[in-house]
Amino acid sequence: MNPLLDSVAQAIMACNRKAAKVATQAALDASLDAETVLAALMRGMEDVGQRFKANRIFVPEVLVAARAMKTSLGLLEPHLVASGVQATHKIVICTVEGDLHDIGKNLVAMMLQGANFEVIDLGTNVSARVVIDAAIEQKADLIGLSSLLTTTMPAMRDTVARIKDSAFNGPVMVGGAPVTERFAAEIAADGYSPSAAYAVDLACRLVAA
């Protein structure tokens, strides 16, 4: 492993935003290709996700790692565009109508970016119509819906139903504190993740299916 690339991965693993920025810039200054640097970032973020699933680190650390990843991606983006490297898949993600909570949704979005997904984040309190229009317009591969309140679970049910009746034919994944695997099955969602740590694995399985 190139020591510069190892430094990039280790900075993400250490949840160190400043170190990640410095290491990424050093790798680019050394004329390492952006795709290789991206792979090192993804390796670091994968390690973070695995430790999160094992309860060895927690949400605050993962948020810092995800922000470090986002900073490094900002440095890489012009180089990736210039070399023609594109995100593997595209997801539209949001919190459903009536719900203003976004911490979990933001964490999922950042972790998906770390897995080389292009994330179209529509924010919170998003209607079914806006979700559908964005997914079709952006040619998304899948949709991710979050609900953090029991009172907005009916909105999630309605949104999934309307997506299924629309021209969008990709999978829909759901999650959030009150959401369960049983509820996801009841509303005909294609996948359910109990936490942000598992969302990337789920998204990858759904787009591969």
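Going by the structure above, here's the rest.
Only a predicted model underlies this, so the values are computations on that prediction, with no experimental measurement involved.

Conventions adopted
- Every residue gets a number counted from 1 within its own chain, in the order that chain's sequence is written.
- Predicted model: local features are reported for residues with pLDDT of at least 70 only, side-chain atom pairs are reported and counted for 80 or more only, and whole-chain, interface and lining totals are derived from all residues.
- Side-chain calculation: all heavy atoms of the structure are included, whereas hydrogens and water are not.
- Each salt bridge in this description consists of a side-chain nitrogen of Lys or Arg and a carboxyl oxygen of Asp or Glu lying within 4 Å of one another.
- Each helix is a run of DSSP H or I of at least 4 residues and each strand a run of E of at least 2, with the numbering of both proceeding from the N terminus.
- Only residues above 30% relative accessible area that lack a salt bridge enter a patch, with like-charged residues linked at up to 9 Å and the nonpolar side chains Val, Leu, Ile, Met, Phe, Trp and Tyr linked at up to 5 Å.
- Only the protein chains shown count as cover for residues, and the accessible areas themselves come from Shrake-Rupley with a 1.4 Å probe.
- For the purpose of counting charges, residues Lys and Arg are taken to be positive, whereas Asp and Glu are taken to be negative. His and the chain ends are not included.
- To locate a charge, take NZ of a lysine, CZ of an arginine, CG of an aspartate or CD of a glutamate.
- Note on pairing: DSSP must find at least two bridges between two strands before they are called paired.
- Fitted lines through C-alpha atoms give the axes, limited to the stretch in contact for helices. The angle between two N-to-C directions lies from 0 to 180 degrees.
- Whether two residues are in contact is decided by their heavy atoms, any of which lying within 4.5 Å being enough.
- Geometric relationships in this document are graded by angle, where less than 35 degrees denotes roughly parallel, more than 145 denotes roughly antiparallel, 65 to 115 denotes roughly perpendicular, and other angles denote oblique.
- Helix crossings get a hand from a simple test, with the near helix turned counterclockwise from the far one by less than a right angle marking a left-handed crossing and a clockwise turn marking a right-handed one.
- Each residue gets one of three labels, nonpolar for Ala, Val, Leu, Ile, Met, Phe, Trp, Tyr, Cys and Pro, charged for Asp, Glu, Lys and Arg, and polar for the others, Gly among them.
- Buried residues of nine kinds, namely Ala, Val, Leu, Ile, Met, Phe, Trp, Tyr and Cys, make up a nonpolar core once their side-chain atoms join them within 4.5 Å.
- Between buried and exposed lies partly exposed: a residue is buried under 20% and exposed over 50% of the maximum accessible area for its type, with that area taken using a 1.4 Å probe on protein chains only.

### Focus: the pattern of salt bridges
Two side chains that carry opposite charge are able to pair once their charged atoms sit near each other.
Point 1. Under the criterion given, the structure shown has 9 salt bridges.
Point 2. Residues D133 and R129 are paired through a salt bridge, measuring 2.9 Å at the closest nitrogen-oxygen approach. A residue pair is termed a helical-turn pair when its members lie 3 or 4 positions apart in one helix, as D133 and R129 do in helix α6 (residues 128–137) at 4 residues.
Point 3. A salt bridge links D190 to K164, with the nearest nitrogen and oxygen atoms 2.6 Å apart. Separated by 26 residues along the polypeptide, D190 in the loop between α8 (181–186) and β5 (191–193) and K164 in helix α7 (residues 153–164) bring together distant segments of the chain.

### With respect to a positive patch on the surface
Point 1. A cluster of basic side chains, namely R17, K21, R67 and K70, defines a positive patch on the protein surface.
Point 2. At the level of elements, α2 (17–29) and α4 (59–83) are the ones that each hand at least two residues to the positive patch.

### Notes on the sheet that holds β5
Point 1. If you walk across this open sheet you meet the 5 strands as β2-β1-β3-β4-β5, and the pairing is parallel. Edge positions in the sheet fall to β2 (117–121) and β5, since each of these pairs with one other strand and no more. Across the sheet, the mean angle separating the axes of adjacent strands is 25° when strand polarity is ignored.
Point 2. Sheet topology places strand β4 (residues 172–175) next to β5; 3 bridges connect them, and they run parallel. In the strand pairing of β5, V174 is matched with Y192.
Point 3. In this fold helix α5 (residues 103–114) packs onto β1 (89–95), β2 and β3 (142–146), with an angle of close to 155° to the strand it touches most, β2.
Point 4. Along the sheet, α6 makes contact with β1 and β3, crossing β1 at roughly 170°.

### Digging into the packing of α2 against α4
Any two packed helices are characterised by how steeply their axes cross, that is the angle between the axes, and by the distance between the axes.
Point 1. It is the contact of α2 with α4, at a shortest axis distance of 8 Å, that shows an interaxial angle of 20°. Comparing their axes, α4 and α2 come out roughly parallel. The handedness of the crossing between α2 and α4 is right-handed. The segment α2 lies against α4, with R17, A20, K21, T24, Q25 and L28 engaging R67, A68, T71, S72, L75, L76 and H79.
Point 2. A breakdown of the residues in the contact of α2 with α4 according to their chemical character gives 5 nonpolar, 5 polar and 3 charged.

### Re the nonpolar core
Point 1. Ranked by internal contacts, the top residues of the largest apolar core, which has 47 residues, are I12, M45, L76, L112, F117 and M173.
Point 2. When residues in this core are grouped by element, the largest group, 9 residues, is from α4.
Point 3. Once residues lying within four places of it in the same chain are set aside, the contact partners of L112 are I91, F117, V119, A199, V200 and A203.

### Regarding the environment of A209
Point 1. Within the secondary structure, A209 is located in the segment after α9 (196–208).
Point 2. For A209, a relative accessible area of 90% corresponds to the exposed category.
Point 3. Taking C-alpha positions, A209 is 9.5 Å from P171, a pair spaced 38 residues apart along the chain.

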